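A look at the structure
These are the residues of each chain, in order.
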Amino acid sequence: MQPVAEAPMRVVNAVAPIRVCDNGGWTDTWFAGHGKVFNVGVYPYVEVQVKVHPAGGLADRIVLDAENYGERYTFAPGVLPDRHPLLEAAVDEIGVPDDLSVEISIYSEAPIGCSTGTSAAVTVALIGALDSLTAGRMTPHEIAYAAHRIEVERLGLQSGIQDQLCAAYGGINYIEMFSYPHASVSQLFVPNTMWWDLERRLLLVFLGRTHVSSRIHEEVIADLERHGARCPELEELRGAAEEARDALYAADLAALGRAMTHNNDLQRRLHPSLVSREAEAAIDVATANGALGWKVNGAGGEGGSITVLCGADMHIKRQLMAALRDADPLFQIIPTYLSRYGLRVWES
């Protein structure tokens, strides 16, 4: 007979932001060696809640509820069912104290496969929540690197470092990777008026299809690896991150838009298919409606999303949003707010 769960002993909450506008992406990877990335942490954040029970208080030591997938299942430490490998590996990496059992709920308001670093944000939030059950606390940097290590070393996935760092730190970041995977994070602090204006002007447009890594990415990686860290395209991408940083410090949103568009053009040069047909359609609408700049989020390719930087006229922004919906009924505007904070963990 399965035990009936009583009220939890503790309830731990964790949230972490997703990432947009990642100028310099592709340079935060093992094949780039060193890199520079500008990115912006935004809400909607991912949410993790851990209800803590004594060992034996649940049907199994670990109950995992992946709400976006409608899947709820149990497993024991060290016996991973491989249904959601990244989540399970994160739980296994951090561990659950022997005298506890946990019920973990995970949810993201951003669509699955939005190419905004959602999986990294989930891993960061999950590690942060589980870390609170043990003695001592990991720093944001340590949590980001634990999340990256799980993807790369345990699961053998291709992953840069920027998504995990943005989820851990939040805000507007300039990341300098001096030797893969080691990096410093400089947060860019701007006046509130600049923050509010940037927040109002950014649009996150989901292109209607889940982003998946593909053969195209493997082709690009193989080509970049062959040319090495001094590949001209990688050098220019590093420069695009510097352009975005400098534009923000100069409070010049037109220059930030140019830096985003420059970065998008560089992605297209890496491989034409990194800027998909849907992304090109969204860019055409943005161009026709006075946008200052645009950038395919993440590595690019099929599906995913694009960040658009609008002009100052709010009426034109609303006109642009309507035109995007008219251009393709699958296009979805994801409401965003700039995140002043990265990972946050607290108990109810």
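What you see is a predicted model; the values in this text were computed from it and never measured.

1. Focus on the pairing of strand E10 (residues 305-309)
The buried fraction of E10 is high, at five of five residues. Side chains of E10 alternate between two faces, with Ser305, Thr307 and Leu309 and Ile306 and Val308 buried alike. Looking at chain direction, strand E8 (residues 202-206) and E10 are connected through five bridges and run antiparallel. Bridging from a neighbouring strand, Leu202 pairs with Leu309 of E10.

2. Details of the pattern of salt bridges
Evaluation of the coordinates by the stated rule reveals 22 salt bridges. The shortest N-O distance in the salt bridge between Arg209 and Glu302 comes to 3.9 Å. Taken together, the residues Arg209 in the loop between E8 and helix H6 (215-227) and Glu302 in the loop between strand E9 (293-296) and E10 connect sequence positions 93 residues apart. A residue is classified by how much of its surface remains accessible, and Glu302, at 41% relative accessible area, is partly exposed. Salt bridges here are not isolated pairs; linked through shared partners, they connect Arg19, Asp22, Asp163 and Lys295.

3. Remarks on the environment of Ile175
Relative to the assigned elements, Ile175 resides in strand E6 (residues 172-179). Note: C-alpha distance between Ile175 and Pro140 (35 residues apart in sequence) is 14 Å. Leave out the neighbours within four places in its chain, and Ile175 touches Gly35, Lys36, Val37, Asn39, Gln162, Leu165, Ala183, Ser184 and Val185.

4. Examining helix H7 (residues 232-249)
A rise of 1.5 Å per residue sets the reference length of H7, with its 18 residues, at 26 Å; its end C-alpha atoms lie 26 Å apart and thus fit the reference within 8%. Residues Leu234, Leu237, Arg238, Gly239, Ala240, Ala241, Ala244, Ala247 and Leu248 constitute the buried set of H7. Check the buried side of H7 and you find it contacts strand E1 (10-23), strand E2 (35-54), E6, helix H5 (192-201), H6 and helix H8 (253-270). Downstream of H7 by one or two residues, Ala251 has phi in the positive range, about 55°.

5. A word on the environment of Val20
Looking at the element boundaries, Val20 is found in strand E1. Assessed through its relative accessible area of 2%, Val20 is described here as buried. Setting aside residues no more than four positions away along its own chain, Val20 makes contact with Asn39, Val40, Val42, Thr116, Leu204, Asn297 and Thr307.

6. Quick word on the sheet that holds E8
Reading across the sheet, the four strands line up as E9-E10-E8-E11 and stay open at both edges, with antiparallel pairing between neighbours. Every interior strand has two partners, whereas the edge strands, E9 and strand E11 (332-334), have only one. Each neighbouring strand pair of the sheet contributes to a mean axis angle of 30°, computed without reference to strand direction. Pairing between E8 and E11: three bridges, direction antiparallel. Across the sheet, Leu204 pairs through a bridge with Ile334, a residue of E11. Taken strand by strand, H8 contacts E9 and E10, and its axis lies near 35° from that of E9.

7. Regarding the packing of helix H3 (residues 140-154) against helix H4 (residues 162-169)
What describes two packed helices is the angle between their axes and the distance between those same axes. Running from N to C, H3 and H4 point in directions that differ by 145°, and their axes come no closer than 8 Å. Judged by the sense of rotation from one axis to the other, the crossing of H3 with H4 is right-handed. Contact residues: H3 offers Pro140, His141, Ala144, Tyr145, Ala147, His148 and Glu151, while H4 offers Gln164, Leu165, Ala168 and Tyr169. Its residues assigned to classes, the contact of H3 with H4 comprises seven nonpolar, three polar and one charged.

8. Details of the side chain of Glu278
Residue position: Glu278 is located in helix H9 (residues 277-288). A distance of 3.2 Å separates polar atoms of two side chains, one belonging to Glu278 and the other to Arg277. Dropping the residues within four chain positions of it, Glu278 is found in contact with Leu207, Arg209 and Phe331.

9. Structural notes on the nonpolar core
Generally speaking, nonpolar side chains in soluble globular proteins are found buried as a group. Among the nonpolar cores identified, the biggest contains 77 residues, and Phe38, Ile104 and Leu256 are the most heavily contacted of them. Beyond its immediate sequence surroundings of up to four residues, Ile104 is in contact with Val48, Gln49, Val50, Ile62, Val63, Leu64, Asp65, Val91, Leu126 and Leu130.

10. Some details on the side chain of Thr116
Summarising the element assignment, Thr116 is placed in the loop between strand E5 (100-108) and helix H2 (118-131). Polar contacts involving the side chain of Thr116 include one to the side chain of Thr118, which spans 3.2 Å.

11. A look at H2
Here H2 contains 14 residues, and its C-alpha end-to-end distance of 20 Å stays within 8% of the 20 Å for a straight helix at 1.5 Å per residue. Along H2, 13 of the 14 residues are buried, which leaves the element largely enclosed by surrounding structure.

Basis of the calculations
- Residues numbered from 1 in each chain as written.
- Predicted model: local features only at pLDDT ≥ 70, side-chain atom pairs only at ≥ 80, totals over all residues.
- Heavy atoms only, no water.
- Buried < 20%, exposed > 50% of the residue type's maximum accessible area, 1.4 Å probe, protein only.
- Helix = DSSP H or I, 4+ residues; strand = E, 2+ residues; numbered from the N terminus.
- Pairing = 2+ DSSP bridges.
- Salt bridge = Lys/Arg side-chain N within 4 Å of Asp/Glu carboxyl O.
- Contact = heavy atoms within 4.5 Å.
- Expected span 1.5 Å × (residues − 1).
- Axes fitted to C-alpha atoms, helices over the stretch in contact; angles between N-to-C directions.
- Left-handed = near helix turned anticlockwise from the far one by under 90°.
- Nonpolar A, V, L, I, M, F, W, Y, C, P; charged D, E, K, R; others polar.
- Polar contact = N/O pair within 3.5 Å; in protein donor to acceptor, adjacent residues only side chain to side chain.
- Core = buried A, V, L, I, M, F, W, Y, C linked by side-chain atoms within 4.5 Å.

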